[in-house]
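Read off the chains here:
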Amino acid sequence: MYNRLDFSHERELSYEEIERRVRGYFPEADFAMLRRAFDFAQKAHSGQKRSSGEDYFIHPCNVAATLIKLRLDMDSIIAGFLHDVVEDCDVTPEELEKEFNTNVAQIVVGLTKISKIKFKTKEESQAENFRKMVVAMAKDLRVIIVKLADRMHNMRTLQYVSEEKQRKIAQETLDIYVPLASRLGINSVKSELEDLCLRFLHPEIYYRLAEKVAMKKGDRDTYIRDTIGVIQDRLLEYAVKAEIKGRPKHFYSIYKKMTARGVDFDQVQDVLAFRLIVPNITECYKALGIVHSSFKPIPGRFKDYIAIPKVNGYQSLHTTVIGPKAERIEIQIRTNEMDDVAETGVAAHWKYKEGLAAGKAKLDWVQELLEFNKSTENSYEFMNVVKNDLDIGGVFVFTPKGDVRELRYGATPLDFAYAIHTDVGHHCVGAKVNGRIVQLKYTLKSGDTVEILSSKNQNPTKDWLNIAKSSRARSKIKAYLMKIEREQDRETGLDILEKALRVFGSSIKSIKKNGDFEELINTGSAPNEEDLYVNIGSGKLQVKELLARLPSLHKGNKEAPEYNESLTKADEYSKKLTGEVRRRANKDNAVIVDGMDDVMVRMARCCNPIPGDPIVGYITRGRGITVHTSECTRVDAGDIGRVIRVEWNPDFSFKHPVNIRVVTHDKPGILSSISKVINANGVNIRSALAKSMPDRKGSFVFEVEVKDYSELVKTISTIESLEEVISVSRA
Ligand code: MN
């Protein structure tokens, strides 16, 4: 394993050794305070023993040592020494504040609080656990980093406790601390913890892997050395300087591959990973080009985390290639700075306290952190920045079952729906966030619990592209819209051709019989029948030109007046059906009716549909078309002859009356506060009806004018947010 950071348990750590290490990266640190912390912890824990029989003090020493390896600030290191004194030694936070400073005292108090959290098992409520940790983290991020160091050492020395306790602690580590380390980008800690978890949760697998990896060690070392040599030579040909390291992947990632693919160790191919450290970003891509031209890349395995960093700030190029001995090898290419960020995550900023070289725009966030990092006085502010910065990276939201999903910052419920499943996305009509209905364009926040509301009748529309932020959701929506458009074009094209031929007394069937149809395809109009219709329907092919090519229509005389008259008629007909079919939307109509321009349309009173609702048209004798919601019980979906496809006209803006029923606790002034929030949304109230109900409850029906479904949802949710309100519904 080539984590540069070695977190092994250290049996002896003298103050001098600790100071030497801190001096290595932070020469101007307050060493008098460091010394005080060392002595304070030693005295406080004197006489206490660990399960291993060692002096307890060795534990806080190791925790502090880990924080030093991560190059953390003095407050964190001091807190590392003192993290157990409040809980185990009857030292008060006030004492710590007096002896050291407020930050140290607060971090230790935070750690003591975390140690009292009763974590539930994963099945019970991962969400709740995470929320608790996020709350702890929100106060001061360093609480979590010190906690991770504490957990690291406890995991390192877990062999001394009972097997039952081993499993419990390892599971908790895997469920809670590993994801946290990952989120903070501290990969060195994350992979180390994962391996330790594997060791205690699945010892048989861990030791078998260790054995297998060790068994072939000699061969592999030679192979690694040879491969590094080959890569180095190729890079040198192009004058690219790189530091190259190779290693087997850490056990847990091999284990994950084995379980994901259901294979044995011997079948896991890409066990080896190589890392190329190059001087700058340009060289990263240059090195990638050389690697790909020297070794055959595996399709679909290239990832550019430099252009698109992971939300935790991780940057690198990843690719998998067929190595010199026909073995799959994974190659990571990155700069030195990226490598440091990858190993130590949020802690990496410390390393660069001397300032980053210019031109590393992608590391802006680290640089910004540095600005706040210059003096200890504003470290609280610094942590605020870190916190916000983490938020910019992404948001954690929860499914109703408590599973955590990570989404891009700015993600909406629609992104969440697509993250769950494409079908959930396609049929999403709305969402409940923390139990309340929100608009689809609501911006999700970390900690939100999101429940997707769906309807079989719902399908993606163009405006969804403005709502979805994630590339996954957007590409799914686009793919759907294109498929639908193609399908519509095909139908329209088929319709046009059939009707145009009818003008000549012919039909598709008969031109198929007499060979003319084949002629159409063969003359290069389209590669096949389906594409021919699509091209006609989309207007790419002019039906007039197509028809002119058919001998069975002009019968040798292209000058015949009847022929030309029919041709003109067919042309007019097709023009009406193509471009115009799409733009048949009339600005004066709220609803577009399939293939009809001037038709009387009215909204059904029974279900009162408003834009955004899935709708169907119902042909009413003598009264044009009535528009119902798809769910309306008055519509007999089986009556195919009368049901007609309709859609909302996106160009039409109107105000639509809707009734909203609000049940409240009966408090004076409630009517006016509800009216106020409705008006604050820019929604007009046409009328309001109030009624007193038993149990000191009030019932109101507001007739409001909204422009569409989303405005209605927004209005409902703001009314719901009033304290006195019990329920809000569409009446
Ligand atoms: Mn501890």
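For the structure given in this document, a descriptive report is provided here. Just so we're clear, the structure is a prediction, and the values are computed from it rather than from any experiment.

A separate point is the sheet that holds strand E10 (residues 450-454). Strand order in the open sheet made by the three strands is E9-E8-E10, with antiparallel pairing throughout. Looking at strand neighbours, the two that pair on one side only are strand E9 (436-438) and E10, the edges of this open sheet. Direction aside, the axes of adjacent strands within the sheet are offset by 35° on average. With three bridges joining them, strand E8 (residues 428-433) and E9 adopt antiparallel strand pairing. Its bridge partner being in E9, Ala431 is matched across the sheet by Val438. Sheet strands in contact with helix H19 (residues 413-420) are E8, E9 and E10, and its direction is about 85° off that of E10. Helix H31 (residues 709-720) rests against E8 and E9 of the sheet, and its axis sits at about 145° to E9.

Taken together, the side chains of Glu94, Glu95, Glu97 and Glu99 present a region of like negative charge at the surface. When you line up the elements, Glu97 lands in helix H6 (residues 93-99). Among the residues examined, Glu97 registers a relative accessible area of 41% and is labelled partly exposed.

This part is about the side chain of Ser76. With respect to the secondary-structure elements, Ser76 resides in helix H4 (residues 74-82). Residue class for Ser76 comes out buried when judged on its relative accessible area of 1%. For Ser76, the residues in contact, after removing those within four places along its chain, are Leu67, Arg142 and Val146.

Before going further, it helps to spend a moment on the packing of helix H7 (residues 102-116) against helix H9 (residues 141-156). Look at H7 against H9: their axes get within 9 Å of each other, and the N-to-C directions meet at 60°. Regarding the angle of H7 to H9, the classification is oblique. In this structure, H7 meets H9 at a crossing whose hand is right-handed. Facing Asn103, Ile107, Gly110, Leu111 and Ile114 of H7, the residues of H9 in contact are Arg142, Val143, Ile144, Val146 and Lys147. Counted by class, the contact of H7 with H9 contains six nonpolar, two polar and two charged residues.

Glancing now at the pairing of strand E18 (residues 684-693). The pairing of E18 with strand E19 (residues 697-706) spans nine bridges and is antiparallel. Within E19, the position partnered with Ala690 by the bridge is Phe700. Taken together, E18 and the strand that follows it, E19, pair antiparallel across an intervening segment of three residues, in which Asp695 is found at a positive phi of about 60°.

Along the chain, the position of Leu550 falls in the loop between helix H26 (543-548) and helix H27 (551-554). Sequence separation between Leu550 and Leu520 is 30 residues, and the spatial gap between their C-alpha atoms is 7.9 Å. Residue contacts for Leu550: discarding those within four places in its chain leaves Leu501, Ile511, Asp516 and Leu520.

Counted according to the given criterion, the structure contains 29 salt bridges. Two residues, Arg334 and Asp339, come together in a salt bridge whose shortest N-O distance is 2.7 Å. Exposure remark for Arg334: the relative accessible area of 1% places this residue in the buried category. Between Glu487 and Arg490 there is a salt bridge, and its shortest N-O distance comes to 3.5 Å. In this pair, Glu487 and Arg490 both sit in helix H22 (residues 471-503), three residues apart, roughly one turn of the helix. According to the relative accessible area criterion, Glu487 is partly exposed, its value standing at 35%.

Quick notes on the rules
Each chain carries its own residue numbering, running from 1 in the direction its sequence is written. Thresholds applied to this predicted model are a pLDDT of at least 70 for local features of residues and 80 or more for the giving and counting of side-chain atom pairs; totals over whole chains, interfaces and linings are not thresholded and use all residues. The side-chain numbers reported here are obtained from all heavy atoms of the structure, hydrogens and water having been left aside. Think of it this way: DSSP has to see at least two bridges between two strands before they count as a pair. A run of H or I in DSSP becomes a helix once it reaches four residues, and a run of E becomes a strand once it reaches two; helices and strands are each numbered from the N terminus. Working convention: axes come from line fits to C-alpha atoms, limited for helices to the stretch in contact. Angles between N-to-C directions cover 0 to 180 degrees. We call two residues in contact when some of their heavy atoms are within 4.5 Å. Each patch is built from residues lacking any salt bridge and having more than 30% relative accessible area; the joining distance is 9 Å for like charges and 5 Å for nonpolar side chains (Val, Leu, Ile, Met, Phe, Trp, Tyr). Methods summary: accessible areas were calculated by the Shrake-Rupley approach with a probe of 1.4 Å, and residue burial reflects only the protein chains presented. In what follows, salt bridge is the name for a side-chain nitrogen of Lys or Arg lying within 4 Å of a carboxyl oxygen of Asp or Glu. Neither His nor the chain termini are counted; the positive set is Lys and Arg, and the negative set is Asp and Glu. We put the charge of a Lys on NZ, of an Arg on CZ, of an Asp on CG and of a Glu on CD. Exposure is judged per residue with a 1.4 Å probe applied to protein chains only, and the accessible area is read against the type maximum: over 50% gives exposed, under 20% gives buried, and values in between give partly exposed. To sort the angles, those under 35 degrees are grouped as roughly parallel, those over 145 as roughly antiparallel, those from 65 to 115 as roughly perpendicular, and the leftovers as oblique. Should the near helix be turned counterclockwise from the far one by less than a right angle, the crossing is left-handed, whereas a clockwise turn marks it as right-handed. Charged residues are taken to be Asp, Glu, Lys and Arg, nonpolar residues to be Ala, Val, Leu, Ile, Met, Phe, Trp, Tyr, Cys and Pro, and polar residues to be all remaining types, Gly included.

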